[in-house]
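What the coordinates show
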Amino acid sequence: MLDPPRIAAYRGRLDGRCYPPRVSERFDWHPEAELIDVRDPAASREALEELGERMWTEALDWLYGTAMRRPTASDLYPELRRTFFGETNAPSPAPQEGHTSEEVLAEFRERLAPFSFGAQHPGSYSYFTPPPLAMSIVGETLSQWINQGIDLWLAGMAGPFVEEEVIRWMCDLVGYDQSSWGVLTSGGVMANLMALAVARDIHLAQLLHLDEPPRAGQVGGVRVYTSDQAHFSIERGLDLLGFPPETLRTLPSDDRFRLRAEPVAAAIAEDRDGGLTPLCIAAVAGSTNTGAVDDVPALADLAEREGLWLHVDAAYGAAARLSPASAGVVPGLERADSLTFDPHKWFFQPYDIGGLLVRRREDLLRTFHREPEYYAVWGPEDRPLHWYQYSMEGTRPFRALKLWLSWKHLGSEGFARLIEHNVDLARHLARRATEMGFEVIDPQLAVVCLRDVPAAMAGEPERLDEHQRELQRALEVSGVGWLSTTSLRGRTWLRAGVINYLSTEADADRVLQTLRDASERVLEDVQPD
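What comes next concerns the included structure.

About the cut-offs
Residues numbered from 1 in each chain as written. Predicted model: local features only at pLDDT ≥ 70, side-chain atom pairs only at ≥ 80, totals over all residues. Heavy atoms only, no water. Helix = DSSP H or I, 4+ residues; strand = E, 2+ residues; numbered from the N terminus. Rg over C-alpha atoms; globule rule 2.2 N^0.38 Å. Buried < 20%, exposed > 50% of the residue type's maximum accessible area, 1.4 Å probe, protein only. Contact = heavy atoms within 4.5 Å. Areas by Shrake-Rupley, 256 points an atom, 1.4 Å probe, with all protein chains shown as cover. Lys, Arg positive; Asp, Glu negative; His and termini not counted. Charge placed at Lys NZ, Arg CZ, Asp CG, Glu CD. 1 Å grid on protein atoms, 1.4 Å probe; cavity = no way out; pocket = protein on both sides within 12 Å on 5 of 7 lines; lining within 4 Å. Points joined across faces, edges and corners; volume = space filled by probe spheres on them. Nonpolar A, V, L, I, M, F, W, Y, C, P; charged D, E, K, R; others polar. Phe/Tyr/Trp six-rings, centres within 6.5 Å; stacked < 30°, edge-to-face > 60°. Lys NZ or Arg CZ within 6 Å of the ring centre and 35° of its normal. Pairing = 2+ DSSP bridges. Right-handed = clockwise from strand over helix to strand, strands pointing away. Axes fitted to C-alpha atoms, helices over the stretch in contact; angles between N-to-C directions. Core = buried A, V, L, I, M, F, W, Y, C linked by side-chain atoms within 4.5 Å. Expected span 1.5 Å × (residues − 1).

**A look at the overall build of the protein chain**
Looking only at helices and strands, the protein chain features 16 helices and 11 strands. For the protein chain, whose C-alpha radius of gyration is 26 Å, the value lies close to the compact-globule estimate of 24 Å for 529 residues. Counting the 529 residues in the protein chain, one finds 50% classified as buried. In the protein chain, the proportion of contacts linking residues at least 24 apart, taken out of those at least 6 apart, comes to 71%. Split by element, the accessible area of the protein chain, about 25,000 Å² in all, is 53% carbon and sulfur. Across the protein chain, the 53 positively charged side chains and the 80 negatively charged ones have centroids separated by 2 Å.

**Notes on the layout of surface pockets**
One number sums up the size of the largest pocket: a volume of about 1,100 Å³. For the largest pocket, the lining is made up of 31 residues, of which Trp56, Ala59, Trp62, Pro132 and Ile137 are closest to its centre. Elements with a minimum of two residues in the lining of the largest pocket: helix H2 (41–69), helix H4 (101–112) and helix H5 (134–146). Broken down by element, the lining of the largest pocket gets its largest block of residues, 10 residues, from H2. Here the lining of the largest pocket is built from residues that sort into 23 nonpolar, seven polar and one charged.

**Overview of the packing of aromatic side chains**
Applying the stated rule across the entire model yields 13 aromatic pairs. Pairing Phe347 with Trp407 gives two aromatic rings, centres 5.4 Å apart and planes at 50°, and the pair type is tilted. Linking Phe347 in the loop between helix H12 (343–346) and strand E7 (354–358) with Trp407 in helix H14 (residues 400–435), this pair joins segments that are 60 residues apart in sequence. Relative accessible area serves as the criterion here: at 7%, Trp407 is assigned to the buried category. Among the aromatic residues, ring-to-ring pairing joins Trp169, Phe347, Trp407 and Phe415 into one connected group. Above the ring of Phe84, the side-chain terminus of Arg111 is found at 4.2 Å from the ring centroid.

**Here we look at the pairing of strand E4 (residues 277–284)**
In terms of burial, E4 is a largely internal element, seven of the eight residues being buried. In this structure, strand E2 (residues 222–227) lies alongside E4, joined through four bridges in parallel fashion. Across the sheet, the residue bridging to Tyr225 is Ile281, located in E4. Read from E4 through helix H11 (residues 296–306) to strand E5 (residues 309–313), the crossover connection turns out right-handed.

**A closer look at the sheet that holds E7**
Pairing is mixed across the open sheet formed by seven strands, whose spatial order is E1-E7-E6-E5-E4-E2-E3. What marks the edges here is a single partner per strand, and that holds for strand E1 (181–185) and strand E3 (248–251). Averaged over all neighbouring strand pairs, the angle between strand axes comes to 20°, with direction disregarded. Sheet topology places E5 next to strand E6 (residues 338–341); three bridges connect them, and they run parallel. Within E6, the position partnered with His311 by the bridge is Ser338. In this fold H11 packs onto E4 and E5, with an angle of close to 165° to the strand it touches most, E4. Set on the sheet, helix H13 (residues 361–368) makes contact with E1, E5 and E7; between it and E1 the angle comes to about 55°.

**A look at the nonpolar core**
Soluble, globular proteins show a tendency: their nonpolar side chains are buried together. Val312, Leu339 and Trp346 are the most contacted members of the largest nonpolar core, which has 115 residues in total. A total of 14 residues in this core trace back to one element, the largest contributor, which is H14. If we ignore the near neighbours within four places in the chain, the residues touching Leu339 are Val174, Tyr176, His311, Val312, Ala314, Leu333, Gly355, Leu356 and Leu357. Formed by six residues, the second largest nonpolar core is a distinct cluster that contains Phe257, Ala292, Ile441 and Leu488.

**Quick notes on helix H15 (residues 461–478)**
With 18 residues, H15 should reach 26 Å at 1.5 Å per residue; the first-to-last C-alpha distance of 26 Å fits that figure. For H15, every residue scored as buried is listed here: Leu464, Asp465, His467, Gln468, Leu471, Gln472, Leu475 and Glu476. Looking at the residues trailing H15, positive phi occurs at Gly479, about 80°.

**Here we look at the sheet that holds strand E11 (residues 491–497)**
Reading across from one edge, E8-E9-E11-E10 is the order of the four strands in this open sheet, with antiparallel pairing throughout. Sheet topology places strand E8 (439–441) and strand E10 (484–488) at the edges, where each strand pairs with a single neighbour. Between one strand and the next, the sheet's axes are offset by a mean angle of 35°, whatever the strand orientation. Examined bridge by bridge, strand E9 (residues 447–451) and E11 share four bridges and lie antiparallel to one another. Within E11, the residue paired with Val447 across the bridge is Gly497. Relative to the sheet, H14 contacts E8, E9 and E11, its axis offset from that of E9 by approximately 15°. Helix-sheet contacts for H15 involve E9, E10 and E11, and the interaxial angle to E11 is about 25°.

**Description of the pairing of E6**
Alternating residues of E6 divide into Ser338 and Thr340 and Leu339 and Phe341, and every residue in both groups is buried. Two strands pair when backbone bridges link them, and E6 and E7 are joined in this way by four bridges, in the antiparallel orientation. By the bridge assignment for E7, Phe341 is matched with Gly355.

Shown next as structure tokens:
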């Protein structure tokens, strides 16, 4: 709370000419008008500080209560939907009258907090949802308060410079030179879509000798090459950009789920012979399924030799460049024409923050630049940085602040320590799982796929698939940990995405023992009398 001398000093700075009333009568319809009309610190600061304290209390009660007790509620979807919505099982009408902040926070406490996913739980090995760093949460909170519009310099002032600095750090991390550029996005899906738009408007226009970006019928007869482990957003992006379905040529990955250059080269030669136009290779550095890393250096050689655009989806794997021990697992990123990265994965940031990098700044500008009259500047010498000119998005939140503060707080060395802990833990998990009789796909980064194959189920592939799902559900109900499932070569596997810096070897061991105990209970049930 502001003491009287500070209040007086505040009023003195305003010189009495525009000092607002304590709380305007315009807001007296609400029981907490001081939380709406926040102009006068004498009237509102104490109430805002109390609200902030209650918000942190709710967050920490959830963290040290629900999240640390179990990673996820055991309710299945139909049950949880009925619990949340009640008897109608459908959303209620919008409230007509306002409620107090205590009443609103009580709804969070009762209806949402007990049923939220706890990425902070030490046994949580989720898709790619990390426990967010405390400083990233501070950055997210501050960004909401100052509410900068990062699309336009005048709406963000210093904010756009924070994004520029973060982008420079990312470009340096992957090995790009000073001509490179990038932009933050909502996530990897948007970044991959934008990368394909750049490949179409810049590279395909060059291949077809067009003065304007290709559209409609001009995008027919084109081929984009990727593996069977590529993210679904590559196919979705091509569809949204107007390419016909046959544009994407999906090639089989090798026995470690990586795309190699040889099958791509053969496909390119076959398509050229058929009169088609090879456009792009879409490689992956850290796949969602297994964390596999395609042979980027060889694919870059091929793309250069054949005149193709090289896009690398390093949404997960780019962060490995922070670790001297793991950087060699993701080589060749600096040779990509465009590259996707996702700080809300291995930079331990809260949703949402993704990004797209390009080797040549002008490629983004030529693809997305528009200048409506309401964003006009006065003269060339006044031309500031407008991020909307480099992105598909217009209005954009101040995503960079949380990563900027986190990076300054931890440093690259701090990030490297967290990543190396995850990699070491994934190796421990894989080793222990093997010792306990699970089939295991050795991790290339920090994703471990494992599968329980009891002898009693030999020769029953569908029953084995169901068995993995039963184990996943048993672990979920136990509260000890959480894994997802995935399909590899047509079979179901358990999948541990180890991007949890709060987890230890003992936590991993408990997860595996819970799975093994659940398997033994299942086998007892299927034994003949």
